[in-house]
Amino acid sequence: QVHLVESGGGLVETGDSLRLSCAASGRTFRDGAMAWFRQPPGKDREFVAAFRRGGSTYYADSVKGRFTISSNNIRNMVDLQMNSLLPEDTAVYFCAASNTVILSALRSPGAYGYWGQGTQVTVSS
């Protein structure tokens, strides 16, 4: 059984940093992709960042330059370093994984078959 567990969320102020971690168990996703999505209050789930086999990384325009995604293949984990946080970053952040992913669908929640429970990130102004 595959499980993804996020950690590292919390309540911070504008300009602060947080580091989210996602631990995967049950299988490795080194040949697929792992990603972060977020869902602000009252809004749809949106793409944040992804790490794809081969080491390629992808970011939403809203976080590019502030967030960094990284993976540890040995530990089967993926992290999201979030710097210069803004109130609009407030959301529930979800870790997602896929055995395989079509490049054109990399930013779509439907491309990922496994999800964590989410961790709350709140940025006060």
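Use the structure listed above.
Per-chain numbering applies: the sequence of each chain, read as written, is numbered from 1 onward. Only residues with pLDDT of at least 70 are given local features in this predicted model, and only at 80 or more are side-chain atom pairs given and counted; all residues enter the totals for whole chains, interfaces and linings. Side-chain metrics in this entry use all non-hydrogen atoms of the structure; hydrogen atoms and water are not considered.

Student: What exactly am I supposed to notice about the state of the cysteines here?
Tutor: Note on terminology: disulfide denotes any pair of cysteine sulfur atoms within 2.5 Å. Summed over the entire model, instances satisfying the criterion amount to one disulfide. Each sulfur of the disulfide joining C22 and C95 lies 2.0 Å from the other. The sign of the S-S torsion, about -80°, decides the handedness of the disulfide formed by C22 and C95: left-handed. Taken together, the residues C22 in strand 3 (residues 18-25) and C95 in strand 9 (residues 91-98) connect sequence positions 73 residues apart. For every residue, the accessible area obtained with a 1.4 Å probe (protein chains only) is divided by the maximum for its type, and the residue is called buried under 20%, exposed over 50%, and partly exposed between those limits. Residue C22 is classed as buried on the basis of its relative accessible area of 0%. Looking at C95, the relative accessible area reads 0%, which means it is buried. We count a stretch as a helix when DSSP gives it H or I for four or more residues in a row; a strand needs E for two or more, and each element gets its number in order from the N terminus.

Student: Explain the nonpolar core here, please?
Tutor: A general trend in soluble globular proteins is that nonpolar side chains are found buried together. Each nonpolar core is a collection of buried residues, namely Ala, Val, Leu, Ile, Met, Phe, Trp, Tyr and Cys, held together in the definition by side-chain atoms within 4.5 Å. By size, the foremost hydrophobic cluster in this structure holds 37 residues, and its most contacted members are M34, W36, L80, M82, Y93 and Y112. Contacts are assigned to residue pairs that have any heavy atoms within 4.5 Å of one another. Not counting residues up to four positions away in its chain, the partners in contact with M82 are D16, S17, L18, L20, R66, F67, Y93 and V121.

Student: Hey, could you run me through the sheet that holds strand 7 (residues 67-72) in this one?
Tutor: At least two DSSP bridges between two strands are required for those strands to pair. An order of 1-3-8-7 is seen for the four strands of this open sheet, with the pairing classed as antiparallel. Of all strands in the sheet, those bounded by a partner on one side alone are strand 1 (3-7) and strand 7. Each strand axis lies, on average, 15° off the axis of its neighbour in the sheet, ignoring direction. Where strand 1 and strand 3 come together, five bridges link them in antiparallel fashion. For E6, the partnering residue across the bridge sits in strand 3 and is C22. Axis geometry follows a simple rule: fit a line to the C-alpha atoms, using only the stretch in contact for helices, then measure angles between N-to-C directions, giving values from 0 to 180 degrees.

Student: Quick question: what am I supposed to make of the pairing of strand 8 (residues 77-82) here?
Tutor: Two faces, one strand: in a regular strand the side chains alternate between the faces of the sheet. A large share of strand 8 lies buried, amounting to six of its six residues. As judged from the six bridges shared by strand 3 and strand 8, these two strands associate in the antiparallel manner. By the bridge assignment, C22 is partnered in strand 8 with V78. As paired elements, strand 7 and strand 8 share six bridges and run antiparallel to each other. Counterpart to S70 in the pairing with strand 8 is D79.

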